[in-house]
Amino acid sequence: MTGWLTGKTARVEGESPAIINAVTTQGATLVADGECDIWIHVAQPPLVKPAHELTHIQWRASLDAGLDRCFLGAREFADQCRARGKGGAILFTAAPEQAMGADHAAAVGALGNLTKTLGVEWARDGIRVNSILTLEMGDSLGNLAAYLVSDYAAYVTGAVMGVGLDD
């Protein structure tokens, strides 16, 4: 039996055993760098610190980790897709805005808007961009991620989805 992602290559930046397991179970081959069909960015949650205790350096570090790296990685992936004349799928994952403090909320709120904007802007190039916001790290996250980067979700772009916690 072949999986949804058979014949696809995927690069996963960040740690998510559930996503890696689901993507490879569905047939994708993981690559460490270079060209690929799928690019997934898994943002690691920052340390939670009250807003009044954040330094400017800490604030910028959260925005860099939660937003800037997503945009820069996605732009590089999209450039590679355009150069080879082939579309692709981008997926961002992060904790929801409310979960991790003001710095994280700002980054993830902007990530949601970035997802919607790139989803529309890059659709003409066949590049889909979606996000999952969740604290879930189990099978539900992995399965949704595998679906969103598959051809079965070829009509889904610019979506920001949430996943509840597994029981």
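Residues numbered from 1 in each chain as written. Predicted model: local features only at pLDDT ≥ 70, side-chain atom pairs only at ≥ 80, totals over all residues. Heavy atoms only, no water.

**Quick word on the overall build of the protein chain**
Rules: For helices the rule is a DSSP run of H or I covering at least 4 residues; for strands it is a run of E covering at least 2, with both sets numbered from the N terminus onward. The buried label applies to any residue whose accessible area, calculated with a 1.4 Å probe on protein chains only, is under 20% of its type's maximum; exposed applies above 50%, and partly exposed to all values in between. Whether two residues are in contact is decided by their heavy atoms: any pair within 4.5 Å suffices. Where accessible areas are quoted, they stem from the Shrake-Rupley method and a 1.4 Å probe; at the residue level, only the protein chains shown are allowed to cover. Asp and Glu count as negative and Lys and Arg as positive, but His and the ends of the chain are not part of the count. A single reference atom marks each charge: NZ on Lys, CZ on Arg, CG on Asp, CD on Glu.
Along the protein chain, the regular secondary structure elements total 4 helices and 6 strands. Projected onto its principal axes, the C-alpha coordinates of the protein chain cover approximately 50 × 40 × 25 Å. Burial status across the protein chain gives 44% buried among its 167 residues. When contacts within the protein chain are restricted to residue pairs at least 6 apart in sequence, those whose partners lie at least 24 apart make up 71%. Split by element, the accessible area of the protein chain, about 8,400 Å² in all, is 56% carbon and sulfur. For the protein chain, the centre of its 12 positive side-chain charges and the centre of its 19 negative side-chain charges are spaced 7 Å apart.

**Structural notes on the nonpolar core**
Selection rule: Nonpolar core, defined: a set of buried Ala, Val, Leu, Ile, Met, Phe, Trp, Tyr and Cys residues in which side-chain atoms within 4.5 Å join the residues together.
By size, the foremost hydrophobic cluster in this structure holds 23 residues, and its most contacted members are Leu5, Ile19, Val23, Ile40, Leu91, Ile132 and Val149. Those elements that provide at least two residues to this core are strand E1 (9–13), helix H1 (17–25), strand E3 (38–42), strand E4 (88–94) and helix H4 (139–148). The element that contributes the greatest number of residues to this core is H4, accounting for 5 residues. When sequence neighbours within four positions are dropped, the list of residues in contact with leucine 91 reads Trp39, Ile40, His41, Asn130, Ser131, Ile132, Ala145, Leu148 and Val149. Judged by nonpolar contacts, the second largest core, of 22 residues, contains Cys36, Leu67, Ile90 and Trp122.

**Some details on the environment of glutamate 35**
Among the secondary structure elements, glutamate 35 is positioned in the loop between strand E2 (29–30) and E3. According to the relative accessible area criterion, glutamate 35 is exposed, its value standing at 52%.

**Quick look at H4**
Along H4, the residues that are buried comprise Leu141, Gly142, Leu144, Ala145, Ala146 and Leu148. For H4, the elements touching its buried residues are H1, E4, strand E5 (127–134) and strand E6 (160–163).

**Re the packing of helix H2 (residues 56–84) against helix H3 (residues 102–121)**
The angle between the axes and the distance between the axes are what describe a pair of packed helices. Operational definition: Between N-to-C directions, angles span 0 to 180 degrees; the directions come from axes that are lines fitted to C-alpha atoms, helices contributing only their stretch in contact. Angle categories are assigned with fixed cut-offs, so that under 35 degrees is roughly parallel, over 145 is roughly antiparallel, 65 to 115 is roughly perpendicular, and the rest are oblique. Here a crossing is called left-handed whenever its near helix is offset anticlockwise from the far helix by less than a right angle, and right-handed whenever the offset is clockwise. Residue polarity follows a fixed list, in which Ala, Val, Leu, Ile, Met, Phe, Trp, Tyr, Cys and Pro are nonpolar, Asp, Glu, Lys and Arg are charged, and the others, Gly among them, are polar.
Between H2 and H3, the shortest axis-to-axis distance is 8 Å and the interhelical angle comes to 20°. With respect to H3, the element H2 is oriented roughly parallel. As for how H2 packs across H3, the hand of that crossing is right-handed. Between H2 and H3, the contacting residues are Gln58, Trp59, Ser62, Leu63, Gly66, Leu67, Cys70 and Phe71 on the first element and Ala102, Asp103, Ala106, Ala107, Ala110, Leu111 and Leu114 on the second. A class-by-class count of the residues in the contact of H2 with H3 yields 11 nonpolar, 3 polar and 1 charged.

**A short note on the packing of aromatic side chains**
The cut-off we apply is this: Geometry of aromatic contacts follows a simple scheme: Phe, Tyr and Trp rings, the Trp one being its six-membered ring, pair when their centres are within 6.5 Å, and the pair is stacked under 30 degrees between planes, edge-to-face over 60, tilted otherwise.
Taken as a whole and assessed by the stated rule, the structure comprises 3 aromatic pairs. Measuring from ring centre to ring centre gives 6.0 Å for tryptophan 4 and tyrosine 147, while their planes differ by 75°; the resulting arrangement is edge-to-face. Of this pair, tryptophan 4 sits in the segment before E1 while tyrosine 147 sits in helix H4, and the two are 143 residues apart along the sequence. Overall, tyrosine 147 belongs to the partly exposed group, its relative accessible area being 23%. With a centroid separation of 6.1 Å and an interplanar angle of 90°, the aromatic rings of tryptophan 39 and phenylalanine 92 are classed as edge-to-face. Taken as a pair, tryptophan 39 in strand E3 and phenylalanine 92 in strand E4 lie far apart in primary sequence, 53 residues in all. Three or more aromatic residues joined by ring pairs make a cluster, and in this case those are Trp4, Tyr147 and Tyr152.

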